[in-house]
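Letter by letter, the chains look like this.
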Amino acid sequence: MSQLPHLHEASAHHADASRPSAPAASTAAGTAAGRVVIVSASVGAGHDGAAAQLALRLAGSGHTVDRWDFLDLVPAGLGPLVSECYRRLLTIAPSAYQRIYSSTESTGRPGALIRLIQRSTHRKLLRALPPDTRAVVATYPIAGQVLGTLRSRGRLAVPAAVYLTDFSVHPLWVAPGVDLHLAAHPVPAEQARAHGAERVAVAGPVVDPRFTPTTEALRTAARDRFGLPPGAPLALLVAGSWGVGEVARVAAEVRATGAAVPVVVCGKNRALAERLRADGVEHAFGWVRDMPGLMHACDVLVQNAGGLTSLEAFACGLPVVSYRCIPGHGLTNAAALDQAGLAPWVRDPAELAAVLTAMVDGPTGRRYREAGLALHRDASGPAEAIAAIAAGSSGAVRAAGGSPGVPGSAPSPALPDSAASPAVPADAAPPVHAGPPPLIPAQRRRPDREAIPTRASAPTPRRPDRSPDRRPGRRVGLAVAALSATAWLSTAGTQLAVAYGGFDAVDAGRTGRAFLVVHPPHGGHLDDATLRALSAVQAAVSVDTDEAAADPAEVRRFAAAGLTLVNAGYGPPYQSGIVTRRDSVEAGADALRSATGAGSSFFLSSRDVDALDLGLAAYHREHLVVPDLRIACGSAVTPQLRPGQIVLVECGSADPAGLTTTMNRLLTSHRPPRLGALNSLS
């Protein structure tokens, strides 16, 4: 068996937009093809993947297609920062992301920051639309909101559509003013209507045509290429292009069931792939080019986000299971897929083995395979519906500086029946792709922003017109100064303020007392006499994530003895800041809550903090504790305690008896100050 050399390298997961593809169904009879602009966003891979496939199908039916990354339209080059903040929320503070998602879901309105981003992109988006644009399509919810606003205000005179890439519909996907919302299935279509969408069509999914039903020959060849065991049942674990979620835990649980061998795709998260291999997961890949082949090789897909990868699996006839889903859209997508009868959602780990066994081999798995294949077989696809609204467009995009169009001046035609309600018989055979069409000429401005003309003579799409601003140098200077000041305040400025007891760091300087914090020995149990002695001097005990997970009973003993518990994150050196150990606040708080049922009022820090750490600590209602003095447990040198100090006694791997010795030396040192309880500083 051979293994492809690129399996562990970063490479494009979804099809590149220049890849030849089977053309979509042609537009309605008598229709003249025109220009369609698609606005996506490089936030993960799902939005861009759907946009690329829409572009190829529209180009194949005679349209000229421009693609724009919405993040490129955000002023001051801040688009990548928006994407990075979203990624960090998912990986570092998933519970915070869940609260943001739930909040906007309940209000139906974006937050102030998102509204600011929307308003800032109006003019740039209009300038990005050539005068001959016939329709604009968004595959990203914030882009759809911008299109709806421009359409409602009469600044956009051609039809606007939103293609719902998620299987569940957050209210932000529904944009008042948009002419058409396109859904892959009746379940998301009904959710869109419930959120106020006036016109919704069930058009089916759109995926790369390489995702086709597998055969025994394809399975055998794919397993040989990827170096996978030829006879074992295989469970393909996916976690999006960023490799987010409880991937390592899911891989271990799948392996423990014995029902299937885990095959994990970690996307761009190379560190995760390396960690899985170190943990004994033999088949852990990074960014994979040949995802159709990997799906052909496997027997079941276990997913945690419910995005484009699930739709691709359905096209391959690969049954899908939702398990340990990421917050927000991961949970709602799992519920929607379960409601649609396309993928069961396993909420109880005890049920995982039975579900995997049923999906790999049995009537349940065959039923889900057929449901997934039917989703693709029984719909015409969204490209045909987009072509229909483009064909009826008689308006034009308002030129920069010109008069705005009139809302509704470009009426959208009635959709073909196939777009509104699929009419293909349920027992129809899957589509057969006779082969790729001739290569479509492509001219790229940038990899994430390209034009796909259908004729060699088609004009190259322009960059957005840039009318000269007044005093541009001054504006740029002010923007750079503001960003620099913000960056300094949120990093170095934060560290400086915390070091001097500012922000939410506890300040013992004026109390006239010293405060003891003890980090007990790992793996060693403190006897009752030591616990009583610590309680008598009002010492606090810091507990790190590993300790809380390994011995929660010992942590509960600390709490029962009346000792104040302090969140120690990942332990020494108690870092949480700009680069390393970013999720230490969150991980430590969750570990303490899991061990004792309650959180902590304090977080032990080494001053390596930034604004995000402060925000996470505030969210968990924790004050920062920065030690003024550190003493190694069992050290022969014991400095004298001074009033106003916070003293950390660090035991690490020392013997528990060393703690008693160190405490005795501290308390009998020359002129010891009065000792206080850390709780009195909160």
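The shown structure was predicted, so the numbers you read here are calculated from the model rather than taken from an experiment.

Chemist: Even after reading the chapter, I still don't get the overall build of the protein, so can you show me in this structure?
Modeler: Along the protein, the regular secondary structure elements total 25 helices and 22 strands. Of all 682 residues assigned to the protein, the portion counted as buried reaches 51%. Look at the contacts in the protein between residues 6 or more apart in sequence, and 71% of them connect residues 24 or more apart. Counting only carbon and sulfur atoms, one obtains 56% of the accessible surface of the protein, whose full area is about 28500 Å².

Chemist: What's the story with the pairing of strand E20 (residues 629-632) in this structure? I'm lost.
Modeler: Along a regular strand, successive side chains alternate from one face of the sheet to the other. Only one face of E20 is buried: it carries Leu629 and Ile631, and the other face, with Arg630 and Ala632, is open. Sheet analysis places E20 next to strand E21 (residues 646-650), joined by four bridges and oriented parallel. Of the residues in E21, the one forming a bridge with Ile631 is Val649.

Chemist: What's the story with helix H13 (residues 329-339) in this structure? I'm lost.
Modeler: Residues three or four positions apart in an α-helix share a direction because the helix packs 3.6 residues into each turn. For H13, the set of buried residues is His329, Gly330, Asn333, Ala334, Ala336 and Leu337. The arc that holds every buried residue of H13, seen down its axis, measures 165 degrees, which confines them to one face. Once H13 finishes, Gly341 follows within two positions and takes phi at roughly 75 degrees, a positive value.

Chemist: Even after reading the chapter, I still don't get the side chain of Gln303, so can you show me in this structure?
Modeler: Mapped onto the secondary structure, Gln303 falls in strand E10 (residues 300-303). The buried category is assigned to Gln303, whose relative accessible area is 3%. Within the structure, the side chain of Gln303 is placed 2.6 Å from the backbone nitrogen of Ala305, a separation counted as a polar contact.

Chemist: Would you explain the environment of Val264 in this entry?
Modeler: With respect to the helices and strands, the residue Val264 is situated in strand E8 (residues 261-265). Of the residues examined, Val264 reaches a relative accessible area of 0% and is grouped as buried. Measuring from C-alpha to C-alpha, the distance between Val264 and His283 comes to 6.3 Å, with 19 residues separating the pair along the chain. Discounting chain neighbours no more than four positions away, the residues touching Val264 are Leu237, Val247, Ala251, Leu276, Val281, His283, Ala284 and Phe285.

Conventions used here
Residues numbered from 1 in each chain as written. Predicted model: local features only at pLDDT ≥ 70, side-chain atom pairs only at ≥ 80, totals over all residues. Heavy atoms only, no water. Helix = DSSP H or I, 4+ residues; strand = E, 2+ residues; numbered from the N terminus. Buried < 20%, exposed > 50% of the residue type's maximum accessible area, 1.4 Å probe, protein only. Contact = heavy atoms within 4.5 Å. Areas by Shrake-Rupley, 256 points an atom, 1.4 Å probe, with all protein chains shown as cover. Pairing = 2+ DSSP bridges. Arc of directions from axis to C-beta. Polar contact = N/O pair within 3.5 Å; in protein donor to acceptor, adjacent residues only side chain to side chain.

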